[in-house]
Amino acid sequence: MKEASITAIFAILAIFMIVQTHSIRFYLEPNSHKCLKEEVHANVLVTGEYEVTEAIGQKTDYVIQDSKGHILSQKDDIPHGKLLKFSFVTETYDTFEICFVSHVPSHQRGMRQEVMLITKRGIEAKSYEGIGEAAKLKPVEVELKRLEDLSEAIVQDFARMRKNEEEMRDTNETTNARVLYFSVFSMCILFGLSTWQLFYFRRFFRMKKLIE
């Protein structure tokens, strides 16, 4: 019973890790930029919606890029007051950055804009309604497809967690071995220095005829 409870807890945690939706609102000052960063695993679908409040005469751009500077999605001069969307699939485990940039003409006084951003990834980002319509699936079949993908994602996530645990264990064992070797080496050095000092002072005192 206890093992079943632990398994259920891990399954729930895995679902929260796989199915994630982030919603945020922030203000973008004139002639400034604001960026948000997020880590995503490989082969994960990421979708998002964003909206920027209207500001006459101002332009707002957005760009999404990874840690190496590769652009995943970009749009210049965003239409203000409209809900826009983006999507991309990650190739490797990386940190991607979403940046919004405000441009105000020099002769104009800018105003602060509000940005609304919603990002989804994993199972939550997939449109199963569209998949069902394209494949002519029944609602029950669509739900089964979603559960199948969710189960597969949970298995992959558990495998990833196990791999990370093995890597951390190997790192800890390697670190412990290096610390042990360093400690033994330090003790040998200290013992050698102590022995050298003992013979040096003994010779010194003999030269001064303080000891025989």
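What you see is a predicted model; the values in this text were computed from it and never measured.

Calculation criteria
- Residue positions are counted from 1 within each chain, in the order its sequence is given.
- Where totals are concerned, whole chains, interfaces and linings use all residues; where local detail is concerned, this predicted model gives features only for residues with pLDDT of at least 70, and gives and counts side-chain atom pairs only at 80 or more.
- As a convention, hydrogens and water are excluded, and side-chain values are obtained from all of the structure's heavy atoms.
- Think of it this way: any DSSP run of H or I at least four residues long counts as a helix, any run of E at least two long counts as a strand, and we number them from the N terminus.
- Three exposure classes are used, based on accessible area relative to the maximum for each residue type with a 1.4 Å probe and protein chains only: buried under 20%, partly exposed in between, and exposed over 50%.
- Whether two residues are in contact is decided by their heavy atoms, any of which lying within 4.5 Å being enough.
- Note on areas: Shrake-Rupley, 1.4 Å probe, and residue coverage restricted to the protein chains presented here.
- Each residue carries a pLDDT value, the predictor's own confidence for that position, ranging from 0 to 100.
- Among buried residues, the Ala, Val, Leu, Ile, Met, Phe, Trp, Tyr and Cys ones that are joined through side-chain atoms within 4.5 Å form a nonpolar core.
- Criterion used throughout: strands pair if DSSP finds at least two bridges between them.
- Axis angles are defined between N-to-C directions and span 0 to 180 degrees, where every axis is a line fitted to C-alpha atoms and, for a helix, only to the segment in contact.
- In plain terms, two cysteine sulfur atoms within 2.5 Å form what is called a disulfide here.
- Planes of paired rings set the category: under 30 degrees apart is stacked, over 60 is edge-to-face and the rest tilted, where pairs are Phe, Tyr or Trp rings (Trp by its six-membered ring) whose centres lie within 6.5 Å.

J.: Can you help me understand the overall build of the protein chain in this one?
T.: In terms of regular secondary structure, the protein chain is built from 3 helices and 8 strands. When each of the 212 residues of the protein chain is scored for burial, the buried share is 25%. Pairs at least 24 apart in sequence give 79% of the contacts found in the protein chain among residues at least 6 apart. Surface exposure of the protein chain reaches about 15700 Å², of which carbon and sulfur atoms provide 59%.

J.: For this particular structure, what's the right way to read the confidence of the model for the protein chain?
T.: Atomic detail in the predicted coordinates should be set aside for any region of low pLDDT. Averaged over every residue, the pLDDT of the protein chain is 81; residues scoring 70 or more account for 84%. Looking over the protein chain, one finds the lowest element-wise mean pLDDT in helix α1 (residues 2-18), namely 45, and the highest in strand β4 (residues 59-65), namely 92. Below pLDDT 50 for its whole length, residues 1-19 participates in 18 contacts with residues either more than four positions away or in separate chains.

J.: Hey, could you run me through the nonpolar core in this one?
T.: Formed by 18 residues in total, the largest nonpolar core has its most connected members in Y50, Y62, I64, F86, F96, I98 and F100. Listing elements by their share of this core, those giving two or more residues are β1 (20-28), β3 (45-52), β4, β6 (84-89), β7 (94-103) and β8 (113-121). With residues near it in sequence (within four places) discarded, F96 still touches L36, K37, E38, V40, V46, I64, Q65, D66, L72 and F88.

J.: What is the right way to look at the environment of K37 in this model?
T.: Along the chain, the position of K37 falls in strand β2 (residues 33-40). With 58 residues separating them in the primary sequence, K37 and T95 have C-alpha atoms 6.6 Å apart. Once residues within four sequence positions are removed from consideration, K37 is found in contact with T95, F96 and E97.

J.: How should I be thinking about the sheet that holds β4 in this particular structure?
T.: Within a sheet, each strand pairs with its neighbour through backbone hydrogen bonds, oriented either parallel or antiparallel. Strand order in this open sheet of 4 strands is β2-β7-β4-β5, and the pairing throughout is antiparallel. A strand with exactly one partner marks an edge of an open sheet, and here the two such strands are β2 and β5 (71-75). Between one strand and the next, the sheet's axes are offset by a mean angle of 10°, whatever the strand orientation. Inspection of the sheet shows β2 paired to β7 by 8 bridges, in the antiparallel sense. Directly across from L36, in β7, lies its bridge partner I98.

J.: How should I be thinking about the state of the cysteines in this particular structure?
T.: Disulfide: a covalent bond formed between the sulfur atoms of two cysteine residues. Scanning the entire structure with this criterion turns up 1 disulfide. Linked covalently through their sulfurs, C35 and C99 form a disulfide whose S-S length is 2.0 Å. When the S-S torsion is 110°, as for the bridge of C35 with C99, the disulfide is right-handed. Of this pair, C35 sits in strand β2 while C99 sits in strand β7, and the two are 64 residues apart along the sequence. Given a relative accessible area of 6%, C99 falls into the buried group.

J.: Is there a simple way to think about unusual backbone geometry in this case?
T.: Keep in mind that most residues, glycine aside, have a negative phi and that most peptide bonds are trans. Even without a glycine there, the phi angle at N31 is positive, about 50°. Residue placement: N31 occurs in the loop between β1 and β2. A positive phi angle, close to 50°, is found at D77, a residue other than glycine. With a relative accessible area of 41%, D77 lands in the partly exposed category.

J.: Mind showing me how you'd approach the pairing of β7 here?
T.: Every other side chain in a regular strand lies on the same face of the sheet, so the side chains alternate between the two faces. With 7 of 10 residues buried, β7 is to be regarded as a mostly interior element. The sheet contact formed by β4 and β7 spans 7 bridges and is antiparallel. By the bridge assignment, T60 is partnered in β7 with S102.

J.: Is there a simple way to think about the packing of aromatic side chains in this case?
T.: A ring pair, where both rings are aromatic, is described by two values, the distance of the centres and the angle of the planes. On inspection of all chains with the given rule, the structure shows 12 aromatic pairs. Residues Y50 and F86 carry aromatic rings whose centres are separated by 6.1 Å and whose planes lie at 35° to one another, so their mutual orientation is tilted. Of the two residues, Y50 sits in strand β3 while F86 sits in strand β6, which places them 36 residues apart along the sequence. By relative accessible area, Y50 is classed as buried at 1%.

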